[in-house]
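Next come the chains, spelled out residue by residue.
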Amino acid sequence: MFESVLVANRGEIARRVVRTLRRVGVRSVAIYTDADRRAPHVREADGALHVASYLDAAELVEAARRAGADAVHPGYGFLSENPGFARACAQAGVTFVGPPPEAMEAMGDKLRAKAVADRAGVPVVPSFTVEQAREAHEHYPLLVKAAAGGGGRGMRVVERPDDLDAALESARREAQAGFGDDTVFIERFLPRARHIEVQVIADAHGNVLHLGERECSLQRRHQKIVEESPSPVVDAALRARLGEEAVALARAAGYVNAGTVEFIADADDPATHFFLEVNARLQVEHPVTELVTGLDLVELQLRVAAGEPLALTQDDVRLSGHAIEVRVNAEDAAAGFLPAAGPVLGYREPEVAGVRVDSGIARRSRVGTDYDSLLCKVIAHGADRDVALARLDRALADTAILGVTTTVGYLRRLLATPEVRAGALDTGLVGRLELPPTGVDEREVAAAAALIQTAVNAERAGDDPFESVRGWRVGGVPGWSYWLIAVDGGAPVDVRVRGVADRPEYDVGDGPIAAEVDRVGPQAFAIAVGGERRTWDYAYEGNVIWLGRDGQVWTTRRASREESHEASVHGDLRAPMPGQVLLVKASPGDRVAPGDAVVVLESMKMELTVAAPMAGRVAAVAVAVGDQVVQDQPVATIEPDAGEMPGELPRLVALPAEDEAAWP
């Protein structure tokens, strides 16, 4: 085994690798950029070195040399599938924890991987040249894919030939930005398909094993959001067949270390399946395999890289129970899953039996737009799928991330749908489902904000009646405190609170209601009303208090009578998220129609088009290519044609840093 390993990654996967290194007694060295200087993975490693970029192979090899590391674990993403980085490590005398460069080149290039799969007898999806795709009208929809890509980036579904050129241009641009290679290819797209993958592990002594399959069909924008093992539709016979095909492909490619062979399967008949690609690295969803097999994949990677033979055979691999994982991202589901950013003001992980959390954040972490939006993964294991689903739902309900918008609430709604519960999955299901936000009683949320702030004020005041804000009166009954609170920017709600120790009364228009308010954590209160007790997490940001309960999150703010909750209707185009201006598609004086692209932004390696909401003339463009923009920053102005009504555009306000004193 190695003495010291450089972890060439960040976030939750860096912490995950460090955890295994610590358990097996190997020194860990982290790397970090300016954006990650205070990140949890930096604090938890035995040492840490600053780098300018996670994508500079020469700099990372030099960091390994400076750290005295005899191995580099690349995690996933960044340089994990870069054969040049693996070769640079070898030339520097540092072991790369991953497959050989030759196997990585064969598997990392999706076109070459398909050729290897075909030679190994694994069925493959038909491909098309650009010229063939222009004429193959009967085969649409088609899929444009980045040859060097992964994670859904550089992929575009093309519904008709007229859309092919635009899809090629966009996919190439995204592939170049994400992987440094703009090569793309075209293949048949199966609208009703399952995504099933097989985990393999191979050593340098000729041993190749498969560790069962994972179902990864719940995807959005070709990005997996829920994964499970085993698949709810794969029986023992099909499992053996998929495993044999994955092992045959790994042997044909001369593969060593951990990898994943991905298949696309008919949604109704998964026995009809085709090779999709190989991910020549550890997968984001590897925890579900670990939970059902009892194996530590990172440890297996390390031991194989150190030259050890696998200490188990295929007969030793047993699947026990069922595991399901969800990816919690910094995205706003209500706004089309736009990337979100901001400080993590409050963070609480669930404590549920059979649940594991792999997280890249902690309280006071700052979520920016420099990297992927993945914050953490919540993984549940149970005796069967129903138990795993129940535990996962309970865990998400007990998860609180305040200060940045996340997908926790959306994931709870997704897992509760009849299709997901029945295992009737396909890669297009998420796009077809309509999952509006759970209805909320704004009066209840406003009352909780007032009660929590009253309790916090009481704690600050202590026993001094002159510092009290609980309506204290000399020799009299406490008076009412009046609150006017807007929830998520909605209409202000009147709340009255009369503080009586931890048993206040409140009124939201229906008369006094008795409550019990107890602090249950550094950033949590339990509020009991009518015998029903619920826990509310809270955190401050300027004049806003964030509240979380049951996986949902709200922002509340002291309001004034004059404020309106109506959306502003105007011709101003504003940035709906922070990011960088990638393209400016229109100039002052240009004519535009509804939906025409005006500005294209890039954030977290995603593209977002800011489009004209109405027909008119571009009056002004306020940004240029390369500019950094903040959320709600004006980027252009449209003068509507006579009779045109502009659509509603998001008006989001950037708030100042945490300041608890802003709440009186």
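Scroll up to find the structure.
Residues numbered from 1 in each chain as written. Predicted model: local features only at pLDDT ≥ 70, side-chain atom pairs only at ≥ 80, totals over all residues. Heavy atoms only, no water.

*Asks:* I'm lost on the overall build of the protein in this one. Help?
*Replies:* For the protein, the count of helices and strands is 16 helices and 40 strands. Along the first, second and third principal axes, the C-alpha set of the protein runs to 90 × 65 × 50 Å. In the protein, which comprises 664 residues, the proportion classed as buried is 54%. Of the contacts made within the protein by residues no fewer than 6 positions apart, 63% connect residues no fewer than 24 positions apart. Within the protein, one finds 71 positive and 99 negative side-chain charges whose respective centroids are separated by 3 Å. (Helix = DSSP H or I, 4+ residues; strand = E, 2+ residues; numbered from the N terminus. Buried < 20%, exposed > 50% of the residue type's maximum accessible area, 1.4 Å probe, protein only. Contact = heavy atoms within 4.5 Å. Lys, Arg positive; Asp, Glu negative; His and termini not counted. Charge placed at Lys NZ, Arg CZ, Asp CG, Glu CD.)

*Asks:* Sorry, what's going on with the nonpolar core here?
*Replies:* The nonpolar side chains of soluble globular proteins are, as a tendency, buried together. Of all hydrophobic cores here, the largest spans 52 residues; its most connected members are Phe85, Met107 and Leu249. Those residues in contact with methionine 107 that sit more than four places away from it in its chain are Ala113, Val116, Leu249, Ala253, Tyr255, Val278 and Ala280. (Core = buried A, V, L, I, M, F, W, Y, C linked by side-chain atoms within 4.5 Å.)

*Asks:* Even after reading the chapter, I still don't get the environment of alanine 450, so can you show me in this structure?
*Replies:* For alanine 450, the location among the structural elements is in helix α16 (residues 442-461). Given a relative accessible area of 0%, alanine 450 falls into the buried group. For the pair alanine 450 and glycine 489, spaced 39 residues apart in sequence, the C-alpha to C-alpha distance is 16 Å. For alanine 450, the contacting residues outside a window of four places in its chain are Trp483, Ile485, Val495 and Val497.

*Asks:* I'm lost on the packing of aromatic side chains in this one. Help?
*Replies:* Each aromatic ring pair is characterised by the separation of its centres together with the angle its planes make. Tallying each qualifying case throughout the model produces eight aromatic pairs. Taken together, a centroid distance of 4.9 Å and an interplanar angle of 85° make the contact between phenylalanine 337 and tyrosine 410 edge-to-face. Here tyrosine 410 lies in helix α13 (residues 408-415) and phenylalanine 337 lies in the loop between β16 (331-332) and β17 (338-339), a separation of 73 residues in the sequence. No difference in accessibility class separates phenylalanine 337 from tyrosine 410, as the two residues are buried. Consider the rings of phenylalanine 525 and tyrosine 538, whose centres lie 5.6 Å apart with planes at 35°: the pair is tilted. Of the two residues, phenylalanine 525 is situated in strand β29 (residues 524-529) and tyrosine 538 in strand β30 (residues 532-541); the sequence distance between them amounts to 13 residues. An aromatic cluster is defined as three or more aromatic residues linked by ring pairs; in this entry it consists of Tyr54, Phe78 and Tyr371. (Phe/Tyr/Trp six-rings, centres within 6.5 Å; stacked < 30°, edge-to-face > 60°.)

*Asks:* Looking at this structure, I do not really get the sheet that holds strand β10 (residues 193-202). What am I missing?
*Replies:* Backbone-to-backbone hydrogen bonds join strands into a sheet, with any given pair of strands oriented parallel or antiparallel. Read from one edge of the open sheet, eight strands run β14-β13-β10-β11-β12-β15-β22-β20, paired in antiparallel fashion. Strand pairing shows two members of the sheet lacking a second neighbour, β14 (273-279) and β20 (355-359), which therefore form its edges. Geometrically, the sheet is characterised by an average inter-axis angle of 25° between neighbouring strands, direction not taken into account. Pairing geometry for strand β12 (residues 223-229) and strand β15 (residues 322-329), over four bridges, is antiparallel. In the sheet register, glutamate 228 faces β15, and the bridge partner there is isoleucine 324. Lying on the sheet, helix α9 (residues 236-252) is in contact with β10, β11 (208-220), β13 (257-266) and β14; it crosses β11 at an angle near 105°. (Pairing = 2+ DSSP bridges. Axes fitted to C-alpha atoms, helices over the stretch in contact; angles between N-to-C directions.)

*Asks:* I'm lost on the side chain of arginine 281 in this one. Help?
*Replies:* Within the secondary structure, arginine 281 is located in the loop between β14 and α10 (286-293). Classification of arginine 281 by relative accessible area gives buried; the value is 12%. Of the polar contacts made by the side chain of arginine 281, one reaches the side chain of glutamine 283; its length is 2.7 Å. In this structure arginine 281 touches Gly75, Tyr76, Gly77, Ser80, Glu81, Tyr255, Ala258 and Gly259, once residues within four positions along its chain are discounted. (Polar contact = N/O pair within 3.5 Å; in protein donor to acceptor, adjacent residues only side chain to side chain.)

*Asks:* Where do I start with the packing of helix α4 (residues 83-91) against helix α5 (residues 101-108) in this structure?
*Replies:* The angle between the axes and the distance between the axes are what describe a pair of packed helices. Relative orientation of the contacting elements α4 and α5 amounts to 175°, with a least axis distance of 9 Å. For the element pair α4 / α5, the angle class is roughly antiparallel. Contacts between α4 and α5 involve Pro83, Ala86 and Arg87 on the former and, on the latter, Pro101, Glu102, Met104 and Glu105. Tallied by class, residues from the contact of α4 with α5 come to four nonpolar, no polar and three charged. (Parallel < 35°, antiparallel > 145°, perpendicular 65-115°, else oblique. Nonpolar A, V, L, I, M, F, W, Y, C, P; charged D, E, K, R; others polar.)

*Asks:* Could you clarify how one ought to interpret the side chain of serine 217 in this entry?
*Replies:* Of note, serine 217 is situated in strand β11. Among the polar contacts made by the side chain of serine 217, one reaches the side chain of glutamate 215 at a distance of 2.3 Å. Sequence-distant contacts of serine 217, that is, excluding residues within four places in its chain, are made with Arg194, His195, Leu425, Asp426 and Thr427.

*Asks:* I tried to follow the sheet that holds strand β8 (residues 156-158) on my own but got confused; where do I start?
*Replies:* Taken together, four strands build an open sheet; the order of strands is β6-β9-β7-β8 and the sheet is antiparallel. A strand with exactly one partner marks an edge of an open sheet, and here the two such strands are β6 (127-128) and β8. Pairing between β6 and strand β9 (residues 184-188): two bridges, direction antiparallel. Bridge pairing in β9 links phenylalanine 128 to isoleucine 186.

*Asks:* I'm lost on the pairing of β30 in this one. Help?
*Replies:* Side-chain positions along a regular strand alternate between the two faces of the sheet. Examined bridge by bridge, β29 and β30 share six bridges and lie antiparallel to one another. Following the sheet pairing, phenylalanine 525 is matched in β30 by tryptophan 536. Connecting β29 to the next strand, β30, in antiparallel fashion are two residues, including glycine 530 with a positive phi near 60°. Of the strand pairs in this sheet, β30 and strand β31 (residues 544-549) are connected by five bridges, and their pairing is antiparallel. By the bridge assignment for β31, alanine 539 is matched with tryptophan 546. The hairpin turn running from β30 into β31, its antiparallel successor, is two residues long, and glycine 542 in that turn takes a positive phi close to 60°.

*Asks:* Explain the environment of isoleucine 196 here, please?
*Replies:* Following the sequence through the fold, isoleucine 196 ends up in strand β10. Residues isoleucine 196 and valine 440, 244 residues apart in the sequence, show an inter-C-alpha distance of 37 Å. The residues touching isoleucine 196, leaving out its near neighbours within four places in the chain, are Glu213, Arg214, Glu215, Ser231, Val234, Leu242, Val261, Glu262, Phe263, Ala265 and Pro270.

*Asks:* Honestly, the packing of α5 against helix α6 (residues 110-119) in this entry has me stumped. Any pointers?
*Replies:* As a packed pair, α5 and α6 sit with axes 5 Å apart at the nearest point and diverge in direction by 95°. Relative to α6, the element α5 lies roughly perpendicular. Here Glu105, Ala106, Met107 and Gly108 of α5 lie close against α6, whose contacting residues are Lys110, Arg112, Ala113 and Val116. Looking at the contact of α5 with α6, its residues break down into four nonpolar, one polar and three charged.

*Asks:* Help me understand α5 in this model?
*Replies:* Note on helix geometry: an α-helix contains 3.6 residues per turn, so any two residues three or four positions apart are oriented the same way. Of all eight residues that make up α5, six are buried, and the element is covered over most of its length. Within α5, the full set of buried residues consists of Pro101, Ala103, Met104, Ala106, Met107 and Gly108. Of the surrounding secondary structure, the elements contacted by the buried residues of α5 are α4, β5 (95-96), α6, α9 and β14.

*Asks:* Mind showing me how you'd approach the pairing of β31 here?
*Replies:* A large share of β31 lies buried, amounting to six of its six residues. Judged from the six bridges that link them, β31 and strand β32 (residues 552-558) form a sheet pairing that is antiparallel. Looking at β32, one finds that tryptophan 546 is bridged to threonine 555. As consecutive antiparallel partners, β31 and β32 are separated by two residues, and within that stretch aspartate 550 has a phi angle of approximately 55°, a positive value.

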